[in-house]
Protein chains: 2
Amino acid sequence: MTPVSETNRRSVYGDAEARRRGTLDAAAALLDEGGYGALTIRAVAERAGTSTGLIYKYFADKHDIFVALLNESQVESAQFIAQLPRVDGVAPLLEAVIPESARQWSRVGRMTAVWREAVGSQQIERASVRELLATAEQYNAELERAVVEAADVEGRELVAGPAMIPFVLSGLRGVSDTLVNNWARHLDSAELISFTARAITRGITA
Amino acid sequence: MTPVSETNRRSVYGDAEARRRGTLDAAAALLDEGGYGALTIRAVAERAGTSTGLIYKYFADKHDIFVALLNESQVESAQFIAQLPRVDGVAPLLEAVIPESARQWSRVGRMTAVWREAVGSQQIERASVRELLATAEQYNAELERAVVEAADVEGRELVAGPAMIPFVLSGLRGVSDTLVNNWARHLDSAELISFTARAITRGITA
DNA sequence: ACCTGAACACCGTTCAAGT
DNA sequence: ACCTGAACACCGTTCAAGT
(Lines give C-alpha, C1' and ligand atoms only; values in the text may rest on other atoms or scores of the structure.)
Protein backbone atom coordinates (compact mmCIF):
# COMPACT_ATOMS: atom_id res chain seq x y z
CA MET A 1 0.00 0.00 0.00
CA THR A 2 1.27 3.41 -0.91
CA PRO A 3 0.59 5.87 1.87
CA VAL A 4 -1.29 8.94 0.77
CA SER A 5 0.42 11.86 2.45
CA GLU A 6 -0.12 15.54 2.06
CA THR A 7 2.60 15.80 -0.55
CA ASN A 8 2.19 12.48 -2.36
CA ARG A 9 -0.95 12.98 -4.34
CA ARG A 10 -1.88 13.13 -7.98
CA SER A 11 -4.57 15.29 -9.44
CA VAL A 12 -5.68 16.73 -12.74
CA TYR A 13 -3.09 19.42 -12.05
CA GLY A 14 -0.18 17.00 -11.85
CA ASP A 15 1.92 15.22 -9.30
CA ALA A 16 2.20 17.14 -6.05
CA GLU A 17 5.37 15.31 -4.98
CA ALA A 18 6.98 16.08 -8.34
CA ARG A 19 6.16 19.74 -7.87
CA ARG A 20 7.70 19.76 -4.40
CA ARG A 21 10.83 18.17 -5.90
CA GLY A 22 10.86 20.74 -8.70
CA THR A 23 10.58 23.56 -6.20
CA LEU A 24 13.59 22.28 -4.28
CA ASP A 25 15.60 21.77 -7.48
CA ALA A 26 14.80 25.29 -8.62
CA ALA A 27 15.84 26.70 -5.24
CA ALA A 28 19.12 24.76 -5.29
CA ALA A 29 19.89 25.86 -8.85
CA LEU A 30 19.25 29.51 -8.03
CA LEU A 31 21.45 29.24 -4.96
CA ASP A 32 24.30 27.72 -6.97
CA GLU A 33 24.03 30.19 -9.83
CA GLY A 34 23.31 33.52 -8.25
CA GLY A 35 23.96 33.00 -4.57
CA TYR A 36 21.71 33.93 -1.72
CA GLY A 37 20.53 37.15 -3.33
CA ALA A 38 19.11 35.29 -6.32
CA LEU A 39 16.92 33.05 -4.18
CA THR A 40 13.53 34.74 -4.11
CA ILE A 41 10.16 33.05 -3.89
CA ARG A 42 9.11 34.67 -7.15
CA ALA A 43 12.23 33.36 -8.91
CA VAL A 44 11.75 29.87 -7.49
CA ALA A 45 8.11 29.85 -8.58
CA GLU A 46 8.91 30.96 -12.10
CA ARG A 47 11.77 28.49 -12.49
CA ALA A 48 9.78 25.61 -11.07
CA GLY A 49 6.79 26.49 -13.26
CA THR A 50 4.48 27.10 -10.35
CA SER A 51 3.16 30.11 -8.48
CA THR A 52 4.22 31.88 -5.31
CA GLY A 53 1.02 30.94 -3.57
CA LEU A 54 1.37 27.24 -4.33
CA ILE A 55 4.88 27.07 -2.87
CA TYR A 56 3.30 27.79 0.50
CA LYS A 57 1.26 24.62 0.16
CA TYR A 58 4.44 22.54 0.29
CA PHE A 59 6.61 24.69 2.55
CA ALA A 60 5.61 26.65 5.63
CA ASP A 61 7.83 29.55 4.57
CA LYS A 62 11.11 30.35 2.81
CA HIS A 63 12.84 29.14 5.93
CA ASP A 64 11.37 25.69 5.38
CA ILE A 65 12.87 25.46 1.89
CA PHE A 66 16.30 26.07 3.40
CA VAL A 67 15.77 23.37 5.99
CA ALA A 68 14.74 20.87 3.31
CA LEU A 69 17.85 21.66 1.23
CA LEU A 70 20.09 21.46 4.27
CA ASN A 71 18.57 18.11 5.09
CA GLU A 72 19.24 16.73 1.61
CA SER A 73 22.74 18.08 1.76
CA GLN A 74 23.41 16.20 4.99
CA VAL A 75 21.98 12.98 3.60
CA GLU A 76 24.21 13.21 0.53
CA SER A 77 27.26 13.90 2.66
CA ALA A 78 26.51 10.93 4.90
CA GLN A 79 26.20 8.66 1.86
CA PHE A 80 29.45 10.02 0.45
CA ILE A 81 31.29 9.25 3.68
CA ALA A 82 29.75 5.79 3.95
CA GLN A 83 31.27 4.70 0.63
CA LEU A 84 34.77 6.11 1.23
CA PRO A 85 37.61 3.57 1.57
CA ARG A 86 39.12 3.17 5.04
CA VAL A 87 42.20 1.22 4.00
CA ASP A 88 44.54 4.23 3.85
CA GLY A 89 43.86 5.43 7.39
CA VAL A 90 42.39 8.53 8.99
CA ALA A 91 44.27 11.35 7.24
CA PRO A 92 43.49 10.25 3.66
CA LEU A 93 39.89 9.65 4.71
CA LEU A 94 39.61 13.22 6.00
CA GLU A 95 41.41 14.58 2.94
CA ALA A 96 38.66 13.02 0.82
CA VAL A 97 35.89 14.34 3.08
CA ILE A 98 37.04 17.99 3.10
CA PRO A 99 36.31 18.89 -0.55
CA GLU A 100 32.85 17.32 -0.33
CA SER A 101 32.25 19.15 2.93
CA ALA A 102 33.30 22.44 1.32
CA ARG A 103 31.05 21.78 -1.66
CA GLN A 104 28.03 21.35 0.59
CA TRP A 105 29.08 24.28 2.74
CA SER A 106 29.22 26.61 -0.25
CA ARG A 107 25.51 26.09 -0.84
CA VAL A 108 24.32 25.61 2.66
CA GLY A 109 26.69 27.62 4.82
CA ARG A 110 24.78 30.85 4.57
CA MET A 111 21.74 29.17 6.04
CA THR A 112 23.36 28.97 9.43
CA ALA A 113 21.67 32.13 10.64
CA VAL A 114 18.35 30.71 9.56
CA TRP A 115 19.04 27.43 11.28
CA ARG A 116 20.02 29.20 14.46
CA GLU A 117 16.77 31.10 14.67
CA ALA A 118 14.86 27.89 13.97
CA VAL A 119 16.52 25.81 16.65
CA GLY A 120 16.70 28.62 19.17
CA SER A 121 12.97 29.09 19.26
CA GLN A 122 9.89 26.94 19.47
CA GLN A 123 10.33 26.08 15.80
CA ILE A 124 12.23 23.03 16.93
CA GLU A 125 8.79 21.45 17.14
CA ARG A 126 8.38 21.70 13.40
CA ALA A 127 8.52 18.34 11.67
CA SER A 128 11.07 19.57 9.14
CA VAL A 129 13.44 20.73 11.89
CA ARG A 130 13.09 17.52 13.87
CA GLU A 131 13.89 15.62 10.67
CA LEU A 132 16.95 17.79 10.22
CA LEU A 133 18.22 17.00 13.69
CA ALA A 134 17.77 13.28 13.06
CA THR A 135 19.68 13.55 9.78
CA ALA A 136 22.49 15.40 11.53
CA GLU A 137 22.75 12.55 14.04
CA GLN A 138 23.04 10.08 11.16
CA TYR A 139 25.73 12.16 9.49
CA ASN A 140 27.68 12.31 12.75
CA ALA A 141 27.32 8.57 13.26
CA GLU A 142 28.54 7.88 9.70
CA LEU A 143 31.57 10.10 10.18
CA GLU A 144 32.37 8.52 13.52
CA ARG A 145 32.14 5.03 12.05
CA ALA A 146 34.44 5.96 9.16
CA VAL A 147 37.05 7.59 11.42
CA VAL A 148 37.04 4.73 13.92
CA GLU A 149 37.30 2.09 11.19
CA ALA A 150 40.08 3.95 9.38
CA ALA A 151 42.00 4.33 12.64
CA ASP A 152 41.54 0.65 13.27
CA VAL A 153 43.00 -0.28 9.88
CA GLU A 154 46.24 1.60 10.53
CA GLY A 155 46.39 0.61 14.21
CA ARG A 156 45.97 4.21 15.36
CA GLU A 157 44.73 4.79 18.88
CA LEU A 158 42.16 7.60 19.12
CA VAL A 159 41.64 9.85 22.10
CA ALA A 160 38.51 8.93 23.98
CA GLY A 161 35.74 11.31 24.94
CA PRO A 162 32.46 12.77 23.70
CA ALA A 163 34.19 15.80 22.20
CA MET A 164 36.22 13.84 19.66
CA ILE A 165 33.70 13.74 16.82
CA PRO A 166 32.38 17.28 17.49
CA PHE A 167 35.98 18.46 17.20
CA VAL A 168 36.39 16.72 13.83
CA LEU A 169 33.08 18.20 12.66
CA SER A 170 34.13 21.66 13.79
CA GLY A 171 37.41 21.27 11.98
CA LEU A 172 35.65 20.24 8.77
CA ARG A 173 33.25 23.14 9.01
CA GLY A 174 36.07 25.57 9.75
CA VAL A 175 38.23 24.52 6.82
CA SER A 176 35.17 24.47 4.55
CA ASP A 177 34.39 28.03 5.52
CA THR A 178 38.01 29.03 4.91
CA LEU A 179 37.96 27.41 1.46
CA VAL A 180 34.56 28.69 0.38
CA ASN A 181 35.12 32.25 1.54
CA ASN A 182 38.71 32.28 0.42
CA TRP A 183 40.02 33.46 3.79
CA ALA A 184 43.48 32.05 3.19
CA ARG A 185 44.07 33.90 -0.05
CA HIS A 186 47.83 33.43 -0.10
CA LEU A 187 47.66 29.66 0.38
CA ASP A 188 47.09 26.85 -2.10
CA SER A 189 43.82 25.03 -1.40
CA ALA A 190 45.34 21.58 -1.81
CA GLU A 191 48.01 22.42 0.72
CA LEU A 192 45.46 23.65 3.27
CA ILE A 193 43.34 20.53 2.76
CA SER A 194 46.29 18.19 3.13
CA PHE A 195 47.65 19.99 6.19
CA THR A 196 44.24 20.12 7.85
CA ALA A 197 43.57 16.40 7.28
CA ARG A 198 46.88 15.51 8.91
CA ALA A 199 46.53 18.06 11.73
CA ILE A 200 43.02 16.89 12.68
CA THR A 201 44.33 13.34 12.63
CA ARG A 202 47.17 14.27 15.01
CA GLY A 203 44.61 16.12 17.12
CA ILE A 204 42.48 13.04 17.73
CA THR A 205 45.37 10.61 18.13
CA ALA A 206 46.22 9.63 21.69
CA MET B 1 47.17 69.43 12.69
CA THR B 2 43.93 67.49 12.70
CA PRO B 3 43.17 66.19 9.23
CA VAL B 4 39.76 67.17 7.97
CA SER B 5 38.32 64.09 6.36
CA GLU B 6 34.88 63.43 4.98
CA THR B 7 33.72 61.99 8.26
CA ASN B 8 35.57 64.18 10.74
CA ARG B 9 33.73 67.44 10.55
CA ARG B 10 31.64 69.55 12.85
CA SER B 11 28.72 71.64 11.81
CA VAL B 12 25.68 73.35 13.27
CA TYR B 13 24.08 69.90 13.00
CA GLY B 14 26.64 68.19 15.19
CA ASP B 15 29.72 66.07 14.89
CA ALA B 16 29.73 63.92 11.78
CA GLU B 17 32.23 61.44 13.22
CA ALA B 18 30.11 61.05 16.34
CA ARG B 19 27.12 60.29 14.20
CA ARG B 20 29.02 57.67 12.26
CA ARG B 21 30.04 56.12 15.56
CA GLY B 22 26.46 56.24 16.80
CA THR B 23 25.26 54.53 13.64
CA LEU B 24 27.72 51.68 14.13
CA ASP B 25 26.81 51.35 17.82
CA ALA B 26 23.12 51.24 16.98
CA ALA B 27 23.73 48.56 14.34
CA ALA B 28 25.80 46.45 16.74
CA ALA B 29 23.19 46.75 19.48
CA LEU B 30 20.38 45.72 17.15
CA LEU B 31 22.43 42.75 15.94
CA ASP B 32 23.09 41.62 19.50
CA GLU B 33 19.52 42.08 20.67
CA GLY B 34 17.36 40.92 17.81
CA GLY B 35 19.74 39.15 15.47
CA TYR B 36 20.09 39.66 11.78
CA GLY B 37 16.38 40.15 11.23
CA ALA B 38 16.29 43.16 13.54
CA LEU B 39 18.98 45.00 11.64
CA THR B 40 17.13 47.29 9.25
CA ILE B 41 18.25 50.68 8.05
CA ARG B 42 15.09 52.25 9.45
CA ALA B 43 15.73 50.71 12.88
CA VAL B 44 19.37 51.79 12.84
CA ALA B 45 18.38 55.35 11.89
CA GLU B 46 15.75 55.58 14.61
CA ARG B 47 18.05 54.14 17.28
CA ALA B 48 20.97 56.34 16.27
CA GLY B 49 18.72 59.41 16.17
CA THR B 50 19.35 60.08 12.51
CA SER B 51 17.55 59.44 9.25
CA THR B 52 17.76 56.72 6.63
CA GLY B 53 19.02 59.14 4.04
CA LEU B 54 21.83 60.41 6.21
CA ILE B 55 23.18 56.93 6.90
CA TYR B 56 24.04 56.75 3.21
CA LYS B 57 26.31 59.75 3.65
CA TYR B 58 28.57 57.69 5.92
CA PHE B 59 28.16 54.23 4.42
CA ALA B 60 27.90 53.24 0.79
CA ASP B 61 25.18 50.72 1.62
CA LYS B 62 24.03 48.29 4.33
CA HIS B 63 26.86 46.05 3.22
CA ASP B 64 29.35 48.72 4.21
CA ILE B 65 27.98 48.85 7.77
CA PHE B 66 28.67 45.11 8.08
CA VAL B 67 32.19 45.53 6.82
CA ALA B 68 32.86 48.30 9.34
CA LEU B 69 31.54 46.16 12.21
CA LEU B 70 33.54 43.16 11.05
CA ASN B 71 36.62 45.33 10.92
CA GLU B 72 36.13 46.57 14.49
CA SER B 73 35.50 43.03 15.62
CA GLN B 74 38.81 41.89 14.16
CA VAL B 75 40.70 44.78 15.74
CA GLU B 76 39.23 43.95 19.15
CA SER B 77 40.10 40.29 18.77
CA ALA B 78 43.67 41.12 17.78
CA GLN B 79 44.06 43.34 20.85
CA PHE B 80 42.59 40.62 23.05
CA ILE B 81 45.10 38.08 21.76
CA ALA B 82 48.00 40.50 22.10
CA GLN B 83 47.46 40.85 25.85
CA LEU B 84 47.01 37.13 26.60
CA PRO B 85 49.70 35.48 28.74
CA ARG B 86 51.98 33.00 26.95
CA VAL B 87 53.53 31.44 30.03
CA ASP B 88 51.18 28.44 30.20
CA GLY B 89 51.86 27.24 26.66
CA VAL B 90 49.79 26.81 23.49
CA ALA B 91 46.74 24.86 24.71
CA PRO B 92 45.79 27.30 27.54
CA LEU B 93 46.36 30.19 25.14
CA LEU B 94 43.92 28.69 22.63
CA GLU B 95 41.47 27.83 25.39
CA ALA B 96 41.37 31.53 26.25
CA VAL B 97 41.03 32.58 22.60
CA ILE B 98 38.08 30.31 21.77
CA PRO B 99 35.37 32.02 23.90
CA GLU B 100 36.39 35.44 22.57
CA SER B 101 36.37 34.06 19.04
CA ALA B 102 32.90 32.63 19.59
CA ARG B 103 31.67 35.93 21.02
CA GLN B 104 32.79 37.80 17.92
CA TRP B 105 31.50 35.06 15.65
CA SER B 106 28.03 35.26 17.16
CA ARG B 107 27.70 38.84 15.96
CA VAL B 108 29.71 38.70 12.81
CA GLY B 109 29.40 35.14 11.57
CA ARG B 110 26.25 35.74 9.60
CA MET B 111 28.03 38.36 7.55
CA THR B 112 30.11 35.75 5.80
CA ALA B 113 27.81 35.64 2.82
CA VAL B 114 28.06 39.40 2.53
CA TRP B 115 31.83 39.28 2.80
CA ARG B 116 32.02 36.61 0.14
CA GLU B 117 30.09 38.66 -2.36
CA ALA B 118 32.24 41.68 -1.55
CA VAL B 119 35.56 39.96 -2.03
CA GLY B 120 34.44 37.89 -4.98
CA SER B 121 33.58 40.89 -7.07
CA GLN B 122 35.14 44.20 -7.95
CA GLN B 123 34.09 45.52 -4.56
CA ILE B 124 37.52 44.51 -3.32
CA GLU B 125 38.53 47.93 -4.64
CA ARG B 126 36.40 49.61 -2.02
CA ALA B 127 38.43 51.33 0.65
CA SER B 128 36.44 49.67 3.43
CA VAL B 129 37.12 46.20 2.07
CA ARG B 130 40.82 46.85 1.57
CA GLU B 131 40.95 48.07 5.16
CA LEU B 132 39.25 44.86 6.25
CA LEU B 133 41.83 42.72 4.47
CA ALA B 134 44.63 44.66 6.15
CA THR B 135 43.00 44.17 9.56
CA ALA B 136 42.66 40.45 8.91
CA GLU B 137 46.39 40.27 8.18
CA GLN B 138 47.09 41.98 11.50
CA TYR B 139 44.82 39.60 13.36
CA ASN B 140 46.58 36.63 11.76
CA ALA B 141 49.99 38.05 12.61
CA GLU B 142 48.94 38.61 16.24
CA LEU B 143 47.67 35.05 16.54
CA GLU B 144 50.80 33.64 14.95
CA ARG B 145 53.02 35.63 17.30
CA ALA B 146 51.06 34.44 20.34
CA VAL B 147 51.14 30.78 19.28
CA VAL B 148 54.85 30.83 18.42
CA GLU B 149 55.76 32.57 21.68
CA ALA B 150 53.61 30.22 23.77
CA ALA B 151 55.16 27.20 22.06
CA ASP B 152 58.59 28.66 22.74
CA VAL B 153 57.85 29.02 26.46
CA GLU B 154 56.98 25.35 26.86
CA GLY B 155 59.70 24.16 24.46
CA ARG B 156 57.13 22.81 21.99
CA GLU B 157 58.26 22.34 18.40
CA LEU B 158 55.64 23.47 15.88
CA VAL B 159 55.15 21.99 12.41
CA ALA B 160 56.50 24.28 9.75
CA GLY B 161 54.60 25.45 6.70
CA PRO B 162 52.30 28.22 5.47
CA ALA B 163 49.17 26.24 6.36
CA MET B 164 49.83 26.15 10.09
CA ILE B 165 48.16 29.44 11.07
CA PRO B 166 45.31 29.06 8.54
CA PHE B 167 44.62 25.66 10.12
CA VAL B 168 44.46 27.22 13.60
CA LEU B 169 42.19 29.99 12.29
CA SER B 170 39.92 27.43 10.61
CA GLY B 171 39.77 25.46 13.82
CA LEU B 172 38.81 28.55 15.82
CA ARG B 173 36.13 29.49 13.32
CA GLY B 174 34.80 25.93 13.25
CA VAL B 175 34.50 25.58 17.00
CA SER B 176 33.01 29.08 17.25
CA ASP B 177 30.36 28.12 14.74
CA THR B 178 29.66 24.92 16.66
CA LEU B 179 29.30 26.84 19.92
CA VAL B 180 27.24 29.71 18.56
CA ASN B 181 24.85 27.54 16.59
CA ASN B 182 24.72 24.87 19.26
CA TRP B 183 25.58 22.08 16.84
CA ALA B 184 26.93 19.84 19.60
CA ARG B 185 23.76 19.92 21.69
CA HIS B 186 24.64 16.89 23.80
CA LEU B 187 28.07 18.17 24.77
CA ASP B 188 29.15 20.57 27.49
CA SER B 189 30.64 23.76 25.99
CA ALA B 190 33.57 23.83 28.40
CA GLU B 191 34.48 20.28 27.46
CA LEU B 192 34.38 21.05 23.73
CA ILE B 193 36.52 24.16 24.25
CA SER B 194 39.08 22.32 26.34
CA PHE B 195 39.26 19.35 23.96
CA THR B 196 39.54 21.60 20.90
CA ALA B 197 42.34 23.69 22.42
CA ARG B 198 44.36 20.55 23.15
CA ALA B 199 43.55 18.88 19.82
CA ILE B 200 44.57 21.92 17.76
CA THR B 201 47.76 22.07 19.80
CA ARG B 202 48.52 18.40 19.03
CA GLY B 203 47.67 19.14 15.40
CA ILE B 204 50.34 21.81 15.04
CA THR B 205 52.98 20.04 17.11
CA ALA B 206 55.72 18.30 15.15
C1' DA C 1 25.49 72.86 3.48
C1' DC C 2 23.20 69.60 5.70
C1' DC C 3 19.29 66.80 6.75
C1' DT C 4 14.64 64.57 6.20
C1' DG C 5 11.25 61.30 4.86
C1' DA C 6 8.06 60.34 0.96
C1' DA C 7 8.66 57.65 -3.08
C1' DC C 8 10.43 53.71 -5.81
C1' DA C 9 11.33 49.07 -6.83
C1' DC C 10 11.71 45.33 -4.68
C1' DC C 11 10.81 41.33 -1.01
C1' DG C 12 7.97 37.32 1.75
C1' DT C 13 3.41 36.07 2.51
C1' DT C 14 -1.72 35.83 2.14
C1' DC C 15 -6.20 35.03 0.28
C1' DA C 16 -10.11 36.38 -2.75
C1' DA C 17 -11.01 34.99 -7.12
C1' DG C 18 -10.72 31.89 -10.82
C1' DT C 19 -10.76 27.03 -13.08
C1' DA D 1 -10.17 20.77 -5.07
C1' DC D 2 -6.55 23.02 -6.72
C1' DC D 3 -4.14 26.96 -8.43
C1' DT D 4 -3.13 31.94 -9.49
C1' DG D 5 -1.45 36.51 -8.91
C1' DA D 6 -2.98 41.05 -7.09
C1' DA D 7 -2.61 43.01 -2.63
C1' DC D 8 -0.36 43.93 1.86
C1' DA D 9 3.22 45.18 4.84
C1' DC D 10 7.55 45.35 4.76
C1' DC D 11 12.67 46.14 2.97
C1' DG D 12 17.12 48.94 0.93
C1' DT D 13 17.97 52.99 -1.45
C1' DT D 14 17.31 57.61 -3.64
C1' DC D 15 16.48 62.44 -4.12
C1' DA D 16 13.30 66.46 -4.21
C1' DA D 17 12.18 69.36 -0.69
C1' DG D 18 13.02 71.60 3.48
C1' DT D 19 16.03 74.17 7.08
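Everything that follows concerns the structure shown earlier in this document.
In this text the structure is predicted, and so the values were computed from the model without any measurement.

(A) Fine view of the overall build of chain A. Counting its regular elements, chain A contains nine helices and two strands. When the helices and strands of chain A are placed in sequence order, the string is β-β-α-α-α-α-α-α-α-α-α. In chain A, which comprises 206 residues, the share counted as buried stands at 50%. Of the contacts made within chain A by residues no fewer than 6 positions apart, 69% connect residues no fewer than 24 positions apart. Summing over all exposed atoms, chain A offers an accessible surface of approximately 9900 Å²; the carbon and sulfur share of this is 51%.

(B) Main features of helix H7 (residues 127-153) of chain B. In a regular helix each residue adds 1.5 Å, so 27 residues correspond to 39 Å; H7(B) covers 39 Å between its end C-alpha atoms and thus fits that length. Of the residues one or two after H7(B), Gly155(B) is the one with positive phi, at around 65°.

(C) Main features of the pattern of salt bridges. Residues and elements named next belong to chain A. All told, the structure shown has 22 salt bridges over all chains when counted by the stated rule. Between glutamate 100 and arginine 103 there is a salt bridge; the shortest N-O distance is 3.5 Å. Here glutamate 100 pairs with arginine 103, and both are found in helix H5 (residues 90-108), just three residues apart, close to one helical turn. Among the charged side chains, a salt-bridge network with shared partners connects Arg86, Glu142, Arg145 and Glu149.

(D) Seen up close, the interface of chain B and chain A. With 43 residues of chain B at the contact, the number on the chain A side is 43 residues. Measuring nitrogen to oxygen at the nearest pair gives 3.1 Å for the salt bridge that ties Asp177(B) to Arg173(A). The biggest single contributor to the side of chain B that touches chain A is helix H8 (residues 164-180) of chain B, with ten residues. Along the lines of polarity and charge, the residues of the side of chain B that touches chain A split into 22 nonpolar, twelve polar and nine charged.

(E) Structural context of the relation of the copies chain B and chain A. Mapping chain B onto chain A leaves a residual RMSD of 0.0 Å; the transformation is a rotation of 180° accompanied by 0.0 Å of translation along its axis. Both copies are brought into coincidence by an operation consistent with a two-fold rotation axis. The position closest to the rotation axis in chain B is occupied by the C-alpha of Gly174(B), lying 1.9 Å away. Take the interface residues of chain B: 100% of them recur as interface residues in chain A, which is what a same-surface contact looks like.

(F) The packing of aromatic side chains, seen in detail. Counted under the stated rule, the structure contains four aromatic pairs over all chains. The interplanar angle of 55° and the centroid separation of 5.9 Å between the aromatic rings of Phe167(A) and Phe195(B) together place this pair among those described as tilted. Of this pair, Phe167(A) sits in helix H8 (residues 164-180) while Phe195(B) sits in helix H9 (residues 189-203), each in a different chain. By the burial criterion, Phe167(A) is buried, and Phe195(B) matches it. A cation sits over an aromatic face here: Lys62(B) above Tyr36(B), 5.6 Å from the ring centre.

(G) Highlighting the protein's contact with DNA strand D. As a matter of local geometry, DNA strand D sits amid 20 residues, with Tyr13(A), Arg19(A), Arg42(B), Tyr56(B) and Lys62(B) nearest to it. Atoms of DNA strand D within 4 Å of the protein belong to the sugar or the phosphate in 55% of instances, the rest to bases. Interatomic distance of 2.8 Å between a side-chain N/O atom of Arg42(B) and a base nitrogen of DNA strand D. Between Lys62(B) and DNA strand D, the recorded distance is 2.5 Å, taken from a side-chain N or O atom to a phosphate oxygen. Among the elements that make up the surface near DNA strand D, the one with the highest residue count is helix H3 (residues 52-58) of chain A (four residues).

(H) Seen up close, the protein's contact with DNA strand C. Neighbouring DNA strand C are 20 residues, the closest being Arg42(A), Tyr56(A), Lys62(A), Tyr13(B) and Arg19(B). Of all atoms in DNA strand C that approach within 4 Å of the protein, 56% are sugar or phosphate atoms. In this structure, a phosphate oxygen belonging to DNA strand C sits 3.0 Å away from a side-chain N or O atom of Ser51(B). Within the side chain of Thr52(B), an N or O atom sits 3.5 Å from a base nitrogen of DNA strand C. Of all elements in the fold, only helix H2 (41-48) and H3 of chain A together with helix H3 (52-58) of chain B reach the threshold of two or more residues within the surface near DNA strand C. With four residues, the top contributor of residues to the surface near DNA strand C is H3(B). A class-by-class count of the residues in the surface near DNA strand C yields seven nonpolar, seven polar and six charged.

Definitions and limits used
- Residues numbered from 1 in each chain as written.
- Chains lettered and ligands numbered in written order.
- Predicted model: local features only at pLDDT ≥ 70, side-chain atom pairs only at ≥ 80, totals over all residues.
- Heavy atoms only, no water.
- Helix = DSSP H or I, 4+ residues; strand = E, 2+ residues; numbered from the N terminus.
- Buried < 20%, exposed > 50% of the residue type's maximum accessible area, 1.4 Å probe, protein only.
- Contact = heavy atoms within 4.5 Å.
- Areas by Shrake-Rupley, 256 points an atom, 1.4 Å probe, with all protein chains shown as cover.
- Expected span 1.5 Å × (residues − 1).
- Salt bridge = Lys/Arg side-chain N within 4 Å of Asp/Glu carboxyl O.
- Nonpolar A, V, L, I, M, F, W, Y, C, P; charged D, E, K, R; others polar.
- Least-squares fit on C-alpha atoms with pLDDT ≥ 70 in both.
- Phe/Tyr/Trp six-rings, centres within 6.5 Å; stacked < 30°, edge-to-face > 60°.
- Lys NZ or Arg CZ within 6 Å of the ring centre and 35° of its normal.
- Near = heavy atom within 4 Å.
- Polar contact = N/O pair within 3.5 Å; in protein donor to acceptor, adjacent residues only side chain to side chain.

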